[in-house]
Amino acid sequence: MFWTNFKQKLLSIPSKFRFSVGANTRSRLLLTAFGIVIIAVLVIGFYWSREPAPFPVADTTNQRLARIGNEYVVGSATTAALISAAETLLDKPGGYLSNDMLPPGIYLDNIPNWEFGVLVQIRDLSRSMRESFSRSQSQSTEDADLIISEPRFHFDNDSWLFPPSESEYREAIGYLNSYLSRISDPQNVDAQFYARADNLANWLLNVESRLGSLSQRLSASVRQQRVNTDTAGERGALQSIPTRAEVQVKTPWLQIDDVFYEARGATWALMHFLQAIEIDFEQVLADKNAGASLSQIIRELEASQRSVFFPIILNGSGFGIVANHSLTMANYISRANAAIIDLRSLLAQG
């Protein structure tokens, strides 16, 4: 009876009015659903934009060795730190975002720049692993796993299909795991890691160059007039295209946060790698009385990872009333870089 009366009353409403009510209801439902989707995308984007926390290098090394049933050997910590940093790129919240083509990943830029900073350090260390740490002399053969692993880390960082970047990096990690298993196997003498002062100094020279570049790019967040020192130090030095004696540098406003987060990623990765070096090269550092120098470098890099208590990377002038996060980061990186120069000097001494 109820439904019969309800249908009769509904049919008594003019059809034009009935259509209008139905259209308005559908529009409200569509707008509500669209709003919910937008809010969900923003919340997920905010969650994915959080930088990964540091991981304990010593504990991570022991856990990896325990899984494969081997004990610590020289080189285990450096290899495990390299693997863990690479896995963090792929397994952190949101996964690898640099090649995302859908929201929220497609509109996020801070974490993709962070990923690139980490990836550059991974590439540099993996190259040193292949060319120096795993070889006793310049005429020695390269390790079979590292030959395959190192080039895969140099695959395009923003390829999303055929193949996606993640698949190449995941394959590189697999070969690093194989290398770790082989060097920690007492029955396998073919895989080696050589902790020598010259190997370490060669890698640190590359680190020094990377940090120097990052420091300059961060400092350029405010307009600067710099003296051109491109050919300084050698009377006969030449360059392909002559430049002015003074140059003006300024990072474009839209790229300031990109450079900042790239530096955050680079220092995050480097902090872990140096902690691993502190373990694997303990005897070398003790012989050179360089342990304190390395510890100070790690301290500076740890300070560069302090939380940013503002949602926007501020770009105030050097002595203005507004903070400049880029100059603060450049300060930590410059101090770490100066300490690396001193450390390399100690390693070169007999």
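Up top is the structure.
Residues numbered from 1 in each chain as written. Predicted model: local features only at pLDDT ≥ 70, side-chain atom pairs only at ≥ 80, totals over all residues. Heavy atoms only, no water.

Caption draft 1: Focus on the side chain of Ser159. Among the secondary structure elements, Ser159 is positioned in the loop between helix 6 (144–153) and helix 7 (165–183). Using a relative accessible area of 13% as the deciding quantity, one classes Ser159 as buried. Here the side chain of Ser159 touches Pro163 through a polar contact of 2.7 Å, landing on its backbone oxygen. In contact with Ser159, other than residues within four places in its own chain, are Asn99, Pro164 and Ser165. (Helix = DSSP H or I, 4+ residues; strand = E, 2+ residues; numbered from the N terminus. Buried < 20%, exposed > 50% of the residue type's maximum accessible area, 1.4 Å probe, protein only. Polar contact = N/O pair within 3.5 Å; in protein donor to acceptor, adjacent residues only side chain to side chain. Contact = heavy atoms within 4.5 Å.)

Caption draft 2: Representation of the layout of surface pockets within the structure. Volume-wise, the largest pocket comes out at about 790 Å³. Around the largest pocket sit 29 residues that line it, and Ser49, Asn110, Tyr261, Phe310 and Pro311 are the ones nearest its centre. The set of elements that each furnish at least two residues to the lining of the largest pocket consists of helix 2 (15–48) and helix 9 (256–280). By residue number, the principal contributor to the lining of the largest pocket is helix 9, which donates five residues. Considered class by class, the residues forming the lining of the largest pocket number 17 nonpolar, six polar and six charged. (1 Å grid on protein atoms, 1.4 Å probe; cavity = no way out; pocket = protein on both sides within 12 Å on 5 of 7 lines; lining within 4 Å. Points joined across faces, edges and corners; volume = space filled by probe spheres on them. Nonpolar A, V, L, I, M, F, W, Y, C, P; charged D, E, K, R; others polar.)

Caption draft 3: Here's a closer look at the packing of aromatic side chains. Applying the stated rule across the entire model yields eight aromatic pairs. Each ring, one from Phe260 and one from Tyr261, has its centre 5.3 Å from the other, and the planes form 85°; the classification is edge-to-face. Phe260 sits in the buried class, given a relative accessible area of 3%. When its relative accessible area of 11% is taken as the criterion, Tyr261 is described as buried. Joined through ring pairs, the aromatic side chains of Phe55, Trp114 and Trp268 make up one cluster. (Phe/Tyr/Trp six-rings, centres within 6.5 Å; stacked < 30°, edge-to-face > 60°.)

Caption draft 4: Highlighting the environment of Arg264. Relative to the elements of secondary structure, Arg264 occurs in helix 9. Take Arg264: its relative accessible area is 5%, and that puts it in the buried class. Counting along the chain gives 153 residues from Arg264 to Ile111, while the straight-line C-alpha distance between them is 9.8 Å. Non-local contacts of Arg264, meaning those with residues more than four positions away in its chain, are made with Glu51, Trp114, Ser304, Gln305, Arg306, Val308 and Met329.

Caption draft 5: Layout of the environment of Arg64. With respect to the helices and strands, the residue Arg64 is situated in helix 3 (residues 57–68). In this structure Arg64 comes out as buried when scored by relative accessible area, which is 9%. Sequence separation of Arg64 and Ser84 is 20 residues, and the distance between their C-alpha atoms is 9.7 Å. Other than its neighbours up to four places away in sequence, Arg64 contacts Ala80, Ile83, Ser84, Glu87, Asn177 and Leu180. Within the local environment of Arg64, its side chain forms a polar contact with the side chain of Glu87, the two groups lying 2.5 Å apart.

As far as function goes, none of this settles anything; it's purely spatial.
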